[in-house]
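Structure assessment
The chain contents come next:
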Amino acid sequence: MWRVSAREWLDRALRIRGGNDGGSFNIACVYSLLGDTDLALNVLERTAKDAGPDVLLWLSVDPDLDAIRDHPRFRELMKQD
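Model, not experiment: these values are computed from the prediction.

With that out of the way, let us pick up the pattern of salt bridges. Oppositely charged side chains are able to pair whenever their charged atoms sit close together. What the rule picks out here adds up to four salt bridges. In this structure, Asp 66 engages Arg 69 in a salt bridge whose closest nitrogen and oxygen atoms are separated by 2.9 Å. A salt bridge links Glu 76 to Lys 79; the shortest N-O distance between them is 3.6 Å. Salt bridges sharing common partners tie together Asp 38, Glu 45 and Arg 73.

Next comes the structure, spelled out in structure tokens:
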């Protein structure tokens, strides 16, 4: 039940925030922790394109993203300059 509520709140937060800011990275982390790999990667791909190298460095070590770190889409995302 709490997972449904968490997903509803995440979806709502993305609608309000638009998914293009630093808070969206936190939303992606929660999706990752919930096991929603595709949703986590969707958010990261939208927001990381405008992120600087410091954010990509953080993504490479953030333990909240451990569940998706070996996913091909995540590895491709980390190749950004």
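Here the narrative resumes, following the displayed structure.
All right, on to the side chain of Ser 32 then. Considering the arrangement of structural elements, one finds Ser 32 in helix α2 (residues 22-34). The exposure class assigned to Ser 32 is buried, which follows from its relative accessible area of 3%. A distance of 3.0 Å separates a polar side-chain atom of Ser 32 from the backbone oxygen of Asp 64. Those residues in contact with Ser 32 that sit more than four places away from it in its chain are Ala 40, Asp 64, Leu 65, Ala 67 and Ile 68.

The rules we used
Residues numbered from 1 in each chain as written. Predicted model: local features only at pLDDT ≥ 70, side-chain atom pairs only at ≥ 80, totals over all residues. Heavy atoms only, no water. Salt bridge = Lys/Arg side-chain N within 4 Å of Asp/Glu carboxyl O. Helix = DSSP H or I, 4+ residues; strand = E, 2+ residues; numbered from the N terminus. Buried < 20%, exposed > 50% of the residue type's maximum accessible area, 1.4 Å probe, protein only. Polar contact = N/O pair within 3.5 Å; in protein donor to acceptor, adjacent residues only side chain to side chain. Contact = heavy atoms within 4.5 Å.

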